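Chain residues, written in single-letter form:
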Protein chains: 2
Amino acid sequence: MITVALLEKYGGIRKNYKSDDFIFKENSLALLYFQIISGEVKMNNYNEEGKEFIQGIFYENQCFGEPPLFIEQVYPANAVAVTDTELIVITKNQLLDMLQNHSDISLKFIKNLSQRLYYKSVMAAEISSQDPEHRILRLIDYSIKQLNFKKETAGFHIHFTRQQIADLTGLRVETVIRAIKSLEKKGDLKIINRKVYR
Amino acid sequence: MITVALLEKYGGIRKNYKSDDFIFKENSLALLYFQIISGEVKMNNYNEEGKEFIQGIFYENQCFGEPPLFIEQVYPANAVAVTDTELIVITKNQLLDMLQNHSDISLKFIKNLSQRLYYKSVMAAEISSQDPEHRILRLIDYSIKQLNFKKETAGFHIHFTRQQIADLTGLRVETVIRAIKSLEKKGDLKIINRKVYR
DNA sequence: CATATTTTATGACTTAAATCATAAAACGAA
DNA sequence: TTCGTTTTATGATTTAAGTCATAAAATATG
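Basis of the calculations
- Residues numbered from 1 in each chain as written.
- Chains lettered and ligands numbered in written order.
- Predicted model: local features only at pLDDT ≥ 70, side-chain atom pairs only at ≥ 80, totals over all residues.
- Heavy atoms only, no water.
- Salt bridge = Lys/Arg side-chain N within 4 Å of Asp/Glu carboxyl O.
- Helix = DSSP H or I, 4+ residues; strand = E, 2+ residues; numbered from the N terminus.
- Domains from an automatic or database assignment.
- Contact = heavy atoms within 4.5 Å.
- Buried area = accessible area lost by both parts, 1.4 Å probe.
- Polar contact = N/O pair within 3.5 Å; in protein donor to acceptor, adjacent residues only side chain to side chain.
- Nonpolar A, V, L, I, M, F, W, Y, C, P; charged D, E, K, R; others polar.
- Pairing = 2+ DSSP bridges.
- Axes fitted to C-alpha atoms, helices over the stretch in contact; angles between N-to-C directions.

### As for the pattern of salt bridges
Move 1: A complete count under the given rule lists 18 salt bridges over all chains for this structure.
Move 2: For Lys92(A), the salt bridge is made with Glu72(A), and the minimal N-O distance between the two is 2.5 Å. Of this pair, Lys92(A) sits in helix α3 (residues 92-101) while Glu72(A) is found in the loop between α2 (66-70) and β7 (78-81), placing the two residues 20 residues apart along the sequence.
Move 3: For Lys18(B), the salt bridge is made with Asp84(B), and the minimal N-O distance between the two is 3.9 Å. Residue Lys18(B) is located in the loop between β1 (13-17) and β2 (22-24), and its partner Asp84(B) is located in the loop between β7 (78-81) and β8 (85-91); the two are separated by 66 residues in the primary sequence.
Move 4: Put simply, Glu8(A), Arg14(A) and Glu86(A) are held in one network by salt bridges that share partners.

Right, dumping it as structure tokens:
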């Protein structure tokens, strides 16, 4: 999103997290802007029964957790480091200061938020009313478009675990496993020693 | 969002729609910025079986359909007038032109998009993994906070039909009807001659 | 390298929501 | 005021996904 150099100019400091560390927790007030230098971060919720729902997974150069920052709200979800992760962090005031001086960055935020809202819209319609197979295919296709999936000879390698797919679509692991098998049979995707390709 | 005066200064024109008219359709390219002068607009999808999913309902002074506009995408959903509606419309270029000259409006968009992303995040977690009653209560509570529901003596009047609640939560009418009754029994809301209060 | 943990896999069973059918209220329009 | 439509309502039945149990394969870790 924003160059590290510019973030540092506005007071950005680097922070390191180990895999599974919480970066922030649901219901805490948003006060900081986070951007990933290296690593992988997921935002998630747990419902009453302890089932995880993954709101999104974020990678290098991406930011996360800004919506509540802009609207003075508490976080609607946790942020957790999926791998060891280095972030650069600035305060809300530093960010607003930067936005005032760099109108191009405002537009970047507008585009970034639009992109994510678009994803949520597509997935909302899917999750609410489609069968599991459809839901999984849409998630996969969207992820290929948006995330850094590598094209291999067998197709795009979907580097999600079945559990992650379940948590991203609101399904159960077993359902995902069965649905993926069924999708393979129909020729919609390939499974080569347990890895999923599309 | 933006004052009508300013929109007109940048070439805004008024357009009128009758109840149930389409304003735009899913999969068409986003080229215009729409803001409601009066009336009510819903954005929706239909899945393969024809079941409707309502992405959101918008009222006076609200805009809708900008995310695909900012990211050069097709609309992820239809926009339909729920009542007779008057809109003010400007082109994408006119809007970008305006944003360049009015940095405060950029921030307004950032906040607006953030707000909507926040809603989608909350509802995504709900829809994916909660039981119908929980889902409905969250929708109602969110709608009270965000939309113009009037507080009456019995509480906030939820002016959604059971069908609309079903379409907003991804449930079926019958399920919503039964869940609302159950919620009334538990004292979570009131039903006074078929109207729902919270 | 051996052991522990995670991920994928599968069958049997349960359950909650969808589906289907039917109808009574409420509302709108002619 | 009547007729047609929409909304709310309720019972019976079906079904697809969840749940539970169990295990093999793969991967990580000391």
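The rest of the description comes next.
### Here we look at the domain arrangement of chain A
Residue and element names in this part refer to chain A.
Move 1: What the domain assignment lists for chain A is domain 1 (4-112) and domain 2 (130-197).
Move 2: Using only C-alpha atoms to locate each centre, domain 1 and domain 2 end up separated by 27 Å.
Move 3: Contacts between the two partners involve six residues from domain 1, matched on the other side by eleven residues from domain 2.
Move 4: Area buried by domain 1 at its contact with domain 2 is led by Lys51, Ile54 and Tyr59, which between them contribute 59% of it.
Move 5: At the junction of domain 1 and domain 2, the tally comes to one salt bridge.
Move 6: A salt bridge links Asp167 to Lys51; the shortest N-O distance between them is 3.8 Å.
Move 7: In this structure, the connection of domain 1 to domain 2 is made through three residue pairs in polar contact (both at pLDDT 80 or more).
Move 8: For the side of domain 1 that touches domain 2, the residue count by class is four nonpolar, no polar and two charged.

### Here's the deal with the sheet that holds strand β6 (residues 63-64) of chain B
Residues and elements named next belong to chain B.
Move 1: Judged by pairing direction, the sheet is antiparallel, and its four strands sit side by side in the order β1-β8-β3-β6 without closing on themselves. A strand with exactly one partner marks an edge of an open sheet, and here the two such strands are β1 and β6.
Move 2: Running over the sheet, helix α3 (residues 92-101) touches β3 (32-38) and β8 and is turned about 75° from β8.

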